[in-house]
Amino acid sequence: MTAPLSGVLVVDKPAGPTSHDVVARVKKALGVRRAGHTGTLDPFATGVLPVCVGKATRLARFLSAGEKSYRATVRLGFATSTDDVDGEPLGPPRPVALDPAALDLACRGLRGEILQVPPMFSARHVAGKRLYEWAREGVAVTRPPARVTLHALEVVEVRGEEIQLDVRCSAGTYVRALARDLGEALGCGAHLSALRRTRSGGLGLEDSVTWEEIGEACLPRLRPLETLLPELPAVWVNAEGREAVRHGRAVTPRHRLGGDPGPGVSRVRLVDSEGRLLALALTRGSGEGEPQELELRPDVVLID
């Protein structure tokens, strides 16, 4: 019997379909029951949308926690109700006299760790509902800011009233809100008019398939489990350790073939002698002994 498919298919999402549409297309094309994406792209946005298939769905929360990179186009002159091109203008267009020094200052003010107010039309939970539910009911609620990090924010090109930006940010950052805040800093209002995600964690456009390529022919592009989350240290286990992992028991020094978690590491990948990813595990120990003395307790098991 053929083992069920597991892995990640990176899709270059076109403008138009929702992220849910992409997942549904992947499920139908590959004949799988379990699949889910690792971070929503709005319908007008394009680019990298990793879709977890089979057992890889157990890793989705870790994959979605990685940094994201975007090419964003910001339209100056007016803000919108959704902070993007799909919203209604919040006022008449204002004249734009873009000063390079002012743009540089505004960008510098948004780099690094900032407190960002989420868009009103977003999935963030406030007072028991998602913000977009409050917005559709016409209820204005206070939106608590979230701490996010803009690792890079660089101006690529200025074309009249549009600015192209390269953005590298932490998970949970709303690029729409970034466009809004840039417009406020420049005093003319702004909204996001186009967005292309170029990288999500360790997965980029070079790993992707197009909307048209989704099908059985794209199976060789399915990233296997053992290639995922390479930023986590690997610890190799013997056959006895593999059985311990299978039953959710801790991996102790006698089960280990090699691999050093290193100081201060809280989570590792457990791999068998053939290189197959068995589980993610939390490290447990006093922190005072040698790394080899750490107990590794599986918390996301990938073998049956």
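A brief look at the structure comes next. Keep in mind the model is a prediction, meaning the values are calculated, not measured.

### Remarks on the sheet that holds strand β14 (residues 256-258)
Paired through their backbone hydrogen bonds, the strands of a sheet run either parallel or antiparallel.
Okay, step 1: Pairing within the open sheet is mixed, and its 5 strands lie in the order β14-β13-β15-β16-β17. Two strands in the sheet have a free side with no partner beyond their single neighbour: β14 and β17 (295-301). Strand-to-strand twist in this sheet, taken as the mean axis angle between neighbours without regard to direction, amounts to 45°.

### A few points about the packing of aromatic side chains
Okay, step 1: By the definition in use, this model includes 0 aromatic pairs.
Okay, step 2: The ring of Trp134 is capped by Lys129, whose NZ or CZ atom sits 4.6 Å from the centre of that ring.

### Notes on the nonpolar core
Okay, step 1: Val11, Val26, Val167, Leu182 and Leu195 are the most contacted members of the largest nonpolar core, which has 43 residues in total.
Okay, step 2: With residues near it in sequence (within four places) discarded, Leu182 still touches Val74, Leu103, Ala106, Cys107, Leu110, Ile163 and Leu165.
Okay, step 3: One finds Ala56, Leu203, Leu228 and Val300 within the second-largest nonpolar core, a separate group that totals 20 residues.

### Some thoughts on the environment of Leu225
Okay, step 1: Structurally, Leu225 can be placed in the loop between β12 (209-210) and β13 (234-237).
Okay, step 2: Once the C-alpha coordinates of Leu225 and Gly7 are considered, the two residues, 218 residues apart in sequence, prove to be 5.3 Å apart.

### Comments concerning the side chain of Asp207
Okay, step 1: Among the secondary structure elements, Asp207 is positioned in the loop between β11 (203-204) and β12.
Okay, step 2: Here Arg223 takes part through its side chain, which lies 3.2 Å from a polar atom of the side chain of Asp207.
Okay, step 3: Residues within four places of Asp207 in sequence aside, it is in contact with Val10, Gly202, Arg221 and Arg223.

### With respect to unusual backbone geometry
Okay, step 1: Positive phi values are uncommon outside glycine, yet Asp83 reaches one of about 70°.
Okay, step 2: Secondary-structure assignment places Asp83 in the loop between β4 (68-76) and α3 (100-110).
Okay, step 3: Given the relative accessible area of 6%, Asp83 is considered buried.

### Comments concerning helix α6 (residues 239-246)
Okay, step 1: What α6 keeps buried is the set Gly241, Arg242, Ala244 and Val245. One face of α6 carries all of its buried residues, which in axial projection span an arc of 160°.
Okay, step 2: In this structure, the buried side of α6 is in contact with β13, β15 (267-271), β16 (277-284) and β17.
Okay, step 3: Capping the start of α6, Asn238 holds a side-chain oxygen 3.2 Å from the backbone nitrogen of Glu240, two or three residues further along.

### Quick look at the pairing of strand β1 (residues 7-13)
The side chains of a regular strand alternate, residue by residue, between the two faces of the sheet.
Okay, step 1: In terms of residue burial, β1 counts as a mostly covered element, since 7 of its 7 residues are buried.
Okay, step 2: By the alternation rule, side chains of β1 split into Gly7, Leu9, Val11 and Lys13 and Val8, Val10 and Asp12, which are all buried.
Okay, step 3: Two elements, β1 and β12, share 2 bridges in a ladder whose sense is parallel. When the sheet's bridge partners are listed, Asp12 is paired in β12 with Thr210.

### Observations regarding the environment of Ala102
Okay, step 1: Tracing the backbone shows Ala102 in helix α3.
Okay, step 2: The sequence separation of Ala102 and Leu186 amounts to 84 residues, and the corresponding C-alpha distance is 6.9 Å.

### Some remarks on helix α1 (residues 19-30)
Okay, step 1: End to end, α1 covers 17 Å across 12 residues, agreeing with the expected 16 Å (1.5 Å per residue, within 8%).
Okay, step 2: Restricting attention to buried positions, one finds in α1 the residues Ser19, Val22, Val23, Val26 and Leu30. The arc that holds the buried residues of α1, viewed along the axis, is 100°, so those residues lie on one side. Of the residues in α1, the exposed ones pointing more than 90 degrees away from the buried face are His20 and Lys28.
Okay, step 3: If you follow the buried residues of α1, they end up packed against β1, β2 (35-37) and β3 (46-53).

### Observations concerning the side chain of Arg256
Okay, step 1: Assignment of secondary structure puts Arg256 in strand β14.
Okay, step 2: At 3.1 Å, the side chain of Arg256 and the backbone oxygen of Gly259 are in polar contact.

### Some details on the packing of α3 against helix α5 (residues 175-186)
Okay, step 1: Packing of α3 against α5 leaves a shortest axis separation of 9 Å and a crossing angle of 135°. As the angle between them shows, α3 and α5 are arranged oblique. In this structure, α3 meets α5 at a crossing whose hand is right-handed. Side by side, α3 and α5 meet where Ala102, Leu103, Ala106, Cys107 and Leu110 of the first sit next to Leu178, Asp181, Leu182, Ala185 and Leu186 of the second.
Okay, step 2: Looking at the contact of α3 with α5 residue by residue, the classes come out as 9 nonpolar, no polar and 1 charged.

About the criteria used
Residues numbered from 1 in each chain as written. Predicted model: local features only at pLDDT ≥ 70, side-chain atom pairs only at ≥ 80, totals over all residues. Heavy atoms only, no water. Pairing = 2+ DSSP bridges. Helix = DSSP H or I, 4+ residues; strand = E, 2+ residues; numbered from the N terminus. Axes fitted to C-alpha atoms, helices over the stretch in contact; angles between N-to-C directions. Phe/Tyr/Trp six-rings, centres within 6.5 Å; stacked < 30°, edge-to-face > 60°. Lys NZ or Arg CZ within 6 Å of the ring centre and 35° of its normal. Core = buried A, V, L, I, M, F, W, Y, C linked by side-chain atoms within 4.5 Å. Buried < 20%, exposed > 50% of the residue type's maximum accessible area, 1.4 Å probe, protein only. Contact = heavy atoms within 4.5 Å. Polar contact = N/O pair within 3.5 Å; in protein donor to acceptor, adjacent residues only side chain to side chain. Arc of directions from axis to C-beta. Expected span 1.5 Å × (residues − 1). Parallel < 35°, antiparallel > 145°, perpendicular 65-115°, else oblique. Left-handed = near helix turned anticlockwise from the far one by under 90°. Nonpolar A, V, L, I, M, F, W, Y, C, P; charged D, E, K, R; others polar.

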